[in-house]
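# Descriptive structure summary
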Amino acid sequence: QVQLVESGGGLVAPGGSLKLSCAASGSIGSIYAMAWYRQAPGKQRELVAGINSEGETNYKDSVKGRFTISRDSAKNTMYLQMNNVNPEDTAVYYCTLKPYGDSIHWGQGTEVTVSS
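Report follows, based on the coordinates. Counting of residues starts from 1 at the beginning of each chain's written sequence and follows it residue by residue. Residue-level local features of this predicted model are given only where pLDDT is at least 70; pairs of side-chain atoms are given and counted only at 80 or more, and the full residue set underlies all totals for whole chains, interfaces and linings. Remark: hydrogens and water are excluded; side-chain values derive from all non-hydrogen atoms of the structure.

### Comments concerning the sheet that holds strand β1 (residues 2-7)
Across a sheet, paired strands are connected by hydrogen bonds in the backbone, their directions being either parallel or antiparallel. Selection criterion: For two strands to count as paired, DSSP must find a minimum of two bridges between them. Helix and strand definitions here come from DSSP, where helices need a minimum of 4 consecutive H or I residues and strands a minimum of 2 consecutive E residues; each element is numbered from the N-terminal end. For helices, the fitted axis covers only the stretch in contact; all axes are lines through C-alpha atoms, and the angles between them, taken along N-to-C directions, range from 0 to 180 degrees.
Within the open sheet, the four strands sit side by side as β1-β3-β8-β7. Their pairing is antiparallel. Bordering the open sheet on either side are β1 and β7 (67-72), each of which pairs with just one other strand. Each neighbouring strand pair of the sheet contributes to a mean axis angle of 15 degrees, computed without reference to strand direction. Pairing geometry for β1 and strand β3 (residues 18-26), over six bridges, is antiparallel.

Structural data, given as structure tokens:
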């Protein structure tokens, strides 16, 4: 079993910054990809950023240059540094982990609200 625990969500003003964390535990293995998804009210869940076991990253166009995904493999932890946020970034953010040869595992989500 894989367990994912997100933290770091909250209320932030437009233009502000927030850093999300995702701690993974359980049967992870050494080769896996991780990603952040988000779901805004009334909208479909979407991929925000991903990072593979080689450290290669990809981003949704609207967050490029503002968000940075990273991981600390020694701690089995992934981060999402969110800078210059705007109200369109308001959503529940979910952490995912896909071990090699296994299905995707999801965290419970952490809520981010961008508002003045």
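### A few points about the side chain of T77
Using the following cut-off: As used in this structure description, the phrase polar contact means that two N or O atoms lie within 3.5 Å; if the pair is within protein, one of them must be able to donate a hydrogen and the other to accept it, and residues adjacent in sequence are counted only when both atoms belong to side chains. Any pair of residues with heavy atoms lying within 4.5 Å of one another is described as a contacting pair.
With respect to the helices, strands and loops of the structure, T77 is situated in strand β8 (residues 77-82). For T77, the side chain forms a polar contact with the main-chain oxygen of K75, separated by 2.9 Å. Contact partners of T77, with chain neighbours within four places excluded, come to C22, A23, S70, R71 and D72.

### Quick look at the pattern of salt bridges
To be explicit about the condition: The working definition used for a salt bridge is a side-chain nitrogen of Lys or Arg within 4 Å of a carboxyl oxygen of Asp or Glu. Partly exposed residues are those whose accessible area sits between 20% and 50% of the maximum for their type, while under 20% is buried and over 50% is exposed, using a 1.4 Å probe and protein chains only.
Enumeration according to the criterion identifies five salt bridges in this entry. The closest approach of N and O atoms between R38 and E46, which form a salt bridge, is 2.8 Å. By relative accessible area, R38 is classed as buried at 5%. Here D61 ties to K64 by a salt bridge, and the two come within 3.1 Å at their closest N and O atoms. By sharing partners, the salt bridges in this structure join R38, E46, K60, R66 and D89 into a single network.

### Considering the side chain of R38
Among the secondary structure elements, R38 is positioned in strand β4 (residues 32-39). At 2.8 Å, the side chain of R38 and the side chain of E46 are in polar contact. At 2.9 Å, the side chain of R38 forms a polar contact with the side chain of Y93.

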